Amino acid sequence: MSTDTRGSWGSRFGFVLAAAGSAVGLGHIWRFPYVTGENGGAAFVILYILCVFMIGVPILFAELSLGRHSHKNPVGAIKAIAPTGVWKYLGYLGVATGLFILSYYTLIAGWTFGYIFKTLFQNPITFTEFSTNAPLNAFLYIIFLLMSIGVVYGGVQGGIERWSKILMPILPVILLFIIIYSLTLEGAMEGVRFYLRPDFSVITGETVMIALGQAFFANSLGMGAMITYGSYLNKNENIIAAGTIVVIFGIFISFLAGFAIFPAVFAMGQSPAAGPELVFVILPTIFELMPGGILIGTLFFLLLAIAALTSAISLLEVPVSFLIDERKMRRKVATWLVGGITLLFGIPSALSFGASDFFSNLPFWSGQSFFGMMDYIFGSIALPLGGMLFSIFVAWRWGLIGANKEISLGNASFLGIQSTVWGVIIKYICPIVIFGVFLYSTGIISL
Ligand code: PFF
């Protein structure tokens, strides 16, 4: 199928913003601070940045080139190279991972949406009252899901690209306002130390696994979102330049988010390890105290909801484009079908924050919540697993010659030393390191 009938990006800038829109979302502003808080602060941040550059960036190039090569969804992209055999299951893994991540991602996005109004109307509801209110959560969940469906309905240029273009650039400005205030609070410096002064003794196998998972989660890697987005790229685009901009923008946003949160956490005497509610507990308190807090807070949650939307649509787009390309479904039918399945799996996650005892403390998952289990399995394990298999597929099955040719189409200088370095990383370092992290995190090997 030609690029024209499937849709493609309107311009290079449009692609960079849409890919940044997919990447930058709750993963940077909600997930990054809380996993950093739970895993010891600065040392985790360093580990995370290492994982992004050493593993994430090379896999990003691999996914984008695979997508552009085939102009297909993850399953189609794999079948275009390996029409028979087991490799297509890697595509299915990506499609399923997208669906499951979306099921709990939508919940947090719905909270963000609710917090716009909580902040604007200065509603005193506490986080616990909020998260245990099942009808409210269901309402917000459905509203957010419908918004995502609405954008994905619009197709590539009409929906995804237009929204990303308008809204992404405002986010860092708002974060800066929050940081400036957060740093003026008494006791803020202790938070800065936690965030910037590493203590490597806190690093365990599980910490490394979570840092690696976060590198995949935040950059939308390991499930084929970037294959799908790459499939809408024209052949003359520079994959290396576009990919690098996206990753650096993401790290910048995460870094700012941590700077907004940790000084305030310590100034308020709270625990940085509060878990998924960290942002939803700390930030409203800042907004209550800071001058202009209602306006800044409302705008912040509004932008966060929009950042979540531009990411949620990429999670949704993976299964949807699979159904369109491989099952010949119409876009509208596919979008509703995936939306329905998402909702089904979203219900137990929504009940995980106190509304249901069972889903809040799963007896078979050491008392953790259903939400925690889903995020661990899909956010921290399935994405790196998918990434490892994508790197093996690209390097060993497709072959570096084909991949290099694809990448060099928009960037002739890639064929020199750059392609050699990338080749070594994607062929050996990525699979070995990710596999090693799996073994290390399960305790099979220790350092
Ligand atoms: N990168 C998104 C975020 O940080 O919020 C989440 C995400 C989107 C993960 C798309 C994976 C994905 F394929």
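Structure's up top.
Residues numbered from 1 in each chain as written. Predicted model: local features only at pLDDT ≥ 70, side-chain atom pairs only at ≥ 80, totals over all residues. Heavy atoms only, no water.

**Observations concerning the site of the ligand**
Which entries qualify depends on this criterion: Whether a residue is near a molecule or strand depends on its heavy atoms: it is near if one of them lies within 4 Å of it. By the criterion applied in these results, polar contacts are pairs of N or O atoms within 3.5 Å in which, for protein atoms, one can donate a hydrogen and the other can accept it, and in which residues neighboring in sequence qualify only through two side-chain atoms. Only the protein chains shown count as covering a residue, and every accessible area follows the Shrake-Rupley method with a 1.4 Å probe. Think of a 1 Å grid over the protein atoms and nothing else: a 1.4 Å probe that fits but is trapped marks a cavity, an open set flanked by protein within 12 Å on at least five of seven lines marks a pocket, and residues with an atom within 4 Å of a point count as lining. Think of it this way: a molecule belongs to a cavity or pocket when more than half its atoms come within 2 Å of the grid points there. The numbering of helices and of strands both runs from the N terminus, where a helix is a DSSP run of H or I of at least 4 residues and a strand a run of E of at least 2. Three classes are used, and their members are as follows: Ala, Val, Leu, Ile, Met, Phe, Trp, Tyr, Cys and Pro are nonpolar, Asp, Glu, Lys and Arg are charged, and the others, Gly among them, are polar.
The full set close to the ligand counts 15 residues, and Ala 23, Gly 27, Tyr 105, Phe 217 and Met 223 are the nearest of them. Separating an oxygen atom of the ligand from a backbone N or O atom of Leu 26 is a distance of 3.1 Å. Contact distances for the ligand include 3.3 Å between a nitrogen atom and a backbone N or O atom of Ala 218. For the ligand, whose unbound accessible area comes to 340 Å², protein coverage reaches 100%. For the ligand, the cavity whose grid points lie within 2 Å of the majority of its atoms is the largest cavity. Sorting the residues of the shell around the ligand by element identifies α2 (12-23), α3 (26-38), α12 (205-218) and α16 (293-327) as the ones contributing at least two each. Each residue belonging to the shell around the ligand can be placed in one class, and the counts come to eight nonpolar, seven polar and no charged.

**What about unusual backbone geometry?**
Worth spelling out the cut-off: When accessible area is computed with a 1.4 Å probe and restricted to protein chains, residues below 20% of their type maximum are described as buried, those above 50% as exposed, and intermediate ones as partly exposed.
For Gln 122, which is not glycine, the phi dihedral falls at a positive 50°. The topology assignment puts Gln 122 in the loop between α6 (88-120) and α7 (127-131). The exposure class of Gln 122 is exposed, given its relative accessible area of 55%. Positive phi, close to 55°, is recorded for Ser 220, a residue that is not glycine.

**Overview of a nonpolar patch on the surface**
Rules: Like charges within 9 Å and nonpolar side chains (Val, Leu, Ile, Met, Phe, Trp, Tyr) within 5 Å are joined into patches, using only residues over 30% in relative accessible area that form no salt bridge. Any Lys or Arg side-chain nitrogen found within 4 Å of a carboxyl oxygen on Asp or Glu counts as a salt bridge.
Together, Met 54, Trp 396, Val 424, Tyr 428, Ile 429 and Ile 432 make up an exposed nonpolar region whose accessible area comes to about 580 Å². Here the element with the most residues in the nonpolar patch is helix α20 (residues 417-441); it accounts for four residues. With respect to the secondary-structure elements, Trp 396 resides in helix α19 (residues 370-408). By relative accessible area, which is 49% here, Trp 396 ends up partly exposed.

**Comments concerning the packing of aromatic side chains**
Our working definition: Pairs were defined over the aromatic rings of Phe, Tyr and Trp, the Trp ring being its six-membered one, requiring ring centres within 6.5 Å. Orientation was assigned from the angle between planes: stacked under 30 degrees, edge-to-face over 60, tilted for the rest. Charges are assigned to positions over rings by a cutoff of 6 Å between ring centre and Lys NZ or Arg CZ, combined with an angular limit of 35 degrees from the ring normal.
Considering all chains together, one arrives at 34 aromatic pairs under this definition. With a centroid separation of 6.2 Å and 40° between ring planes, the pair formed by Tyr 105 and Phe 217 is classed as tilted. Remark: Phe 217 occurs in helix α12 and Tyr 105 occurs in helix α6; sequence separation between them is 112 residues. Summarising the burial analysis for this pair, Tyr 105 and Phe 217 share the class buried. One cation-aromatic arrangement involves Arg 31 over Phe 217; the distance from NZ or CZ to the ring centre is 4.4 Å. The side chain of Lys 427 reaches across the aromatic face of Trp 396, ending 4.6 Å from its centre.

**A short note on the nonpolar core**
Here is the rule: Within this scheme, the nonpolar core is defined by two criteria: the residues are buried Ala, Val, Leu, Ile, Met, Phe, Trp, Tyr or Cys, and they are joined through side-chain atoms within 4.5 Å.
Of all hydrophobic cores here, the largest spans 155 residues; its most connected members are Leu 66, Ile 101, Ile 178, Leu 283, Phe 300 and Trp 422. Per-element tally for this core: the top contributor is α16, with 17 residues.

**Overview of the packing of helix α5 (residues 74-81) against α16**
Note the following rule: To obtain each axis, a line is fitted to C-alpha atoms, and for helices this fit is confined to the stretch in contact; angles are then taken between N-to-C directions over 0 to 180 degrees. Roughly parallel covers angles under 35 degrees, roughly antiparallel covers those over 145, roughly perpendicular covers 65 to 115, and oblique covers all other angles. When checking whether two residues touch, look at their non-hydrogen atoms; a contact exists if any pair is within 4.5 Å.
The geometry of α5 relative to α16 is characterised by a closest axis approach of 7 Å and an angle of 50° between their N-to-C directions. By the angle class used here, α5 and α16 are oblique. Contact residues: α5 offers Pro 74, Val 75, Gly 76 and Lys 79, while α16 offers Val 318, Phe 322 and Glu 326. Here the contact of α5 with α16 is built from residues that sort into four nonpolar, one polar and two charged.

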